[in-house]
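As a plain string of letters, each chain reads:
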Amino acid sequence: MKPGIRYIFLVLTGLLLGSCSISRYIPPNESLYVGGSVKVEPDSSARAQISGLEGQLEDMLRPNPNKTLFGFPYKVWLYYVIGEPKREKGFRSWFRRKLGEPPVYASQRVVATNAQVMEAYLSNNGYFRSTARGQLVPKKNRTVEAHYTAYVKPRYFINEINFVVHDSSEFSKHLLDAKDKTLLRVNDPYRFDIIETERQRVDRYLKTHGYYYFSPDYLIMEVDSTIGDHKVNLYLQPKLTTPQTALKQYYINDIYVYTDYDALSPDTLPSQAQKRRGLYIVDQHRSFRSRIFDDAIGFQSGMQYNSEMHDVSLSRLINLRNFKFVKNRFELVPGSDSALLNVYYYLTPLPKKSLRGELSGVTKSNNLAGSQLSLTWSNRNAFRGAEQLRLSSNFGMDVQVGGGSNRNLGNDFIRFTNQGELSFPRFLIPFFRYDPVANQALPKTLLTATYETLRQKGLYTQTSSRTQWGYLWQRNKEVEHSLTPFSINLIRPTNITEAFVESIFLSENPQDVLRYLRILENRLILESLYNITYHPVPKPYTRHRFVLNGGINLAGNLAGLLVRNGNRDSDVRGQILGIPYEQFARFDGEARYYLDLSPKMRLANRFIGGLGIPYGNSLVLPQFKQYFAGGSTGIRAFRARTLGPGTYHADSITQAIFGNNSFGDIRLEVNTELRFDITSIIEGAAFVDAGNIWNYRYDVNGFYPPETTFSRDFYKQLAVGGGLGIRLDFSYLVLRLDVATPFRKPWYTNPNREEQRSPWVFDEFNVRSKAWRQENLVLNIAIGYPF
């Protein structure tokens, strides 16, 4: 017998013998609980209404049985074998706590409790007068199972929804108005959880109209189930015992802000505050300008209380990133019949300056692995207006870990970046005044300057100098805008190596020389960008969620007005300070749709489309503005920048010179992924990705052949791949491992290919072949979900 098989045999034998001996540890008159099951017995008229009900009831059974391996409660066995520790904090105690598990004993009392819980669940979901029974069924080796039977009556459905008021007061009018967006629907099944959510929704609605002291507990839902035909009428109304304070609208009186509440002495009183911009501010060190509180706090004296403005004001103060803690309190003005509230904000500031260093490692699907060291200095309150000043430097390097002979040239990278960023929590626009009441969050004005050096070992070094001015704002919770009206980027290649030049001119591919000449060019990009994101807040109990994102990038329009354009079909190009400027328009769109198939299973889908149109002074888009396919967040069966454009596939000579370097002007991609829970922290996934990139037009003097141009037959050039994944969800981060393989290789249909064949490659699958695995199995390791 081989050693490995012998070891497995011994382990299984040990578990089998252990299962026979586990019973000797169980105390007398006790049995080990090993699980429960539920059988649903419906009424004849309820048979069509019980789909999935058994699983729902089984999920409610408590306690959970001990964990088992091949039916053997190994953790209980370890718990007993390790024995009772002498010290609570000793090694033996730690070992027993980590590896072992206390036994879960069967109890008739627990069975009765579970039956009551199931009856309550059935009643709360409209199966009125249903009952449940349970019993313990002994098994071998002193183990017990719990068997339950649920006798289910027909389900009740909603016939009418009525909001009932007792007078014609202002409160009664607002309560009736709240019915317009009710979550309850006629012909929906009766569900107590939705009724509870409806009470909370009405409470939130009333609080947006000044009813500060109202509570969901002041609402009662009466259910009339006597109308017949298994229907119910619902009547929502305020309780007769509701206090008058809850039925009154409240208004803001005075607003107090304590900028360093923890440092204040107990005798600090509101009377010591200084009134600025309508706020009473206690700022002993004069650390902040009053304007930031005027902008962040949406309340004003005399304004009606609104819970949404309450939440927005707290969110704005927190997002200033100047305060460690933000507390808020409302106080009724004593002896006031006019329903006035004083508002107090207690702030605990963060340290003004900070220095942070990070060292990180990364692996990529294109066989690159590397590390990055970054150092960041921050000033959270640069000019006393919550301006964020950040200066950062980072150094990183990527090296190829595999790939055979291709790793000698051009596949190792060194990056060095210096960046300065200044952020203002307001719009800096002449003659424009921001209205803090009208926006969900404070806007931001961003001024950024970056100098970046990228060295591709054995090839060349590229430097990029970039400055931009932009704005971020959010009108409501669902829509976010980003506008960069001005951005300038100067790109220069330097340090082109002789070995690189020699490899190009010795190449058998004439396109490699054209690619080299493209690299030699200096580039100036004067551009504007706009992006919008729409992520609607999901409705309660909905299984559907989606996100939309779109962007526009225009470059060279202003330069084209100020400088005479050249002729892109000749060697004469328009220039600024002797540097050709780029002209292009780029449009991007993304849609994501998520469908919850069950509480533990979700279907995630994404579509990405991108179009880049060079015009005027440009034949093609700058490479870093082009699209690429593949990688850990794209078509995962193909390594990043190895796919396309069209049916093009770089040969070994071009890859040896330039590395993985395929780009295009047009991108289409579709992804679908089934995600399912395996344990509380382990999630599985099965996915399929499809798409490709193309060029917008064919350039006779370019380095891509005609088959790379987008055409009506684009669907024949799509790449398809799929695979399986494991995700470890630690709450604060998600570690993702995806293994994928190509299903369809579009370059198999390339007209210049010597051997034409079907692009579908299922017949090539050969997992036992090392060569096939190296070429076709792609491991993607990443942080976070791909979409």
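See the structure shown above.
Let me sum up the structure you'll find in this document. What you are looking at is a predicted structure, and each value in this text was computed from that prediction instead of being measured.

Here is what the cut-offs are and how they apply
Residues numbered from 1 in each chain as written. Predicted model: local features only at pLDDT ≥ 70, side-chain atom pairs only at ≥ 80, totals over all residues. Heavy atoms only, no water. Phe/Tyr/Trp six-rings, centres within 6.5 Å; stacked < 30°, edge-to-face > 60°. Buried < 20%, exposed > 50% of the residue type's maximum accessible area, 1.4 Å probe, protein only. Lys NZ or Arg CZ within 6 Å of the ring centre and 35° of its normal. Pairing = 2+ DSSP bridges. Helix = DSSP H or I, 4+ residues; strand = E, 2+ residues; numbered from the N terminus. Axes fitted to C-alpha atoms, helices over the stretch in contact; angles between N-to-C directions. Core = buried A, V, L, I, M, F, W, Y, C linked by side-chain atoms within 4.5 Å. Contact = heavy atoms within 4.5 Å. Parallel < 35°, antiparallel > 145°, perpendicular 65-115°, else oblique. Left-handed = near helix turned anticlockwise from the far one by under 90°. Nonpolar A, V, L, I, M, F, W, Y, C, P; charged D, E, K, R; others polar.

## Side note on the packing of aromatic side chains
Taken as a whole and judged by the stated rule, the model has 42 aromatic pairs. Here phenylalanine 710 and phenylalanine 714 contribute two aromatic rings whose centre-to-centre distance is 5.0 Å and whose plane-to-plane angle is 25°, an arrangement assigned as stacked. In this structure phenylalanine 714 comes out as partly exposed when scored by relative accessible area, which is 26%. The ring centre of phenylalanine 687 lies 3.8 Å from the NZ or CZ of arginine 636, which sits over that ring. Here the basic side chain of arginine 675 rests over the ring of phenylalanine 787, its NZ or CZ set 5.3 Å away from the ring centre.

## Section: the sheet that holds strand 5 (residues 219-224)
On the basis of which strands lie adjacent, the open sheet formed by three strands has the order 4-6-5 and mixed pairing. The open sheet has two free edges, formed respectively by strand 4 (157-163) and strand 5, since each of these has just one partner strand. Recorded for the sheet is a direction-independent mean angle of 20° between the axes of neighbouring strands. With six bridges joining them, strand 5 and strand 6 (residues 231-238) adopt antiparallel strand pairing.

## Some details on the nonpolar core
Most often, soluble globular proteins have nonpolar side chains that are buried together. Formed by 28 residues in total, the largest nonpolar core has its most connected members in Ile255, Phe293, Ile297, Phe299, Leu317, Phe330 and Tyr345. Taken together, the elements giving at least two residues each to this core come down to strand 7 (251-258), strand 9 (279-282), helix 8 (290-296), helix 9 (307-319), strand 10 (323-332) and strand 11 (340-349). For isoleucine 255, the residues in contact, after removing those within four places along its chain, are Leu279, Tyr280, Ile297, Phe299, Gln300, Ser301, Val343 and Tyr345. Listed in part, the 22 residues of the second largest apolar core include Phe171, Leu184, Ile194 and Leu234.

## Points about the packing of helix 6 (residues 170-177) against helix 7 (residues 192-207)
Following both chains from N to C, one finds helix 6 and helix 7 inclined at 130°, their axes separated by 10 Å at the closest point. Relative to helix 7, helix 6 is oriented oblique. In terms of crossing hand, the pair formed by helix 6 and helix 7 is right-handed. Along the contact surface, helix 6 presents Phe171, His174, Leu175 and Asp177, while helix 7 presents Val202, Tyr205 and Leu206. Taken together, the residues of the contact of helix 6 with helix 7 break down into five nonpolar, one polar and one charged.

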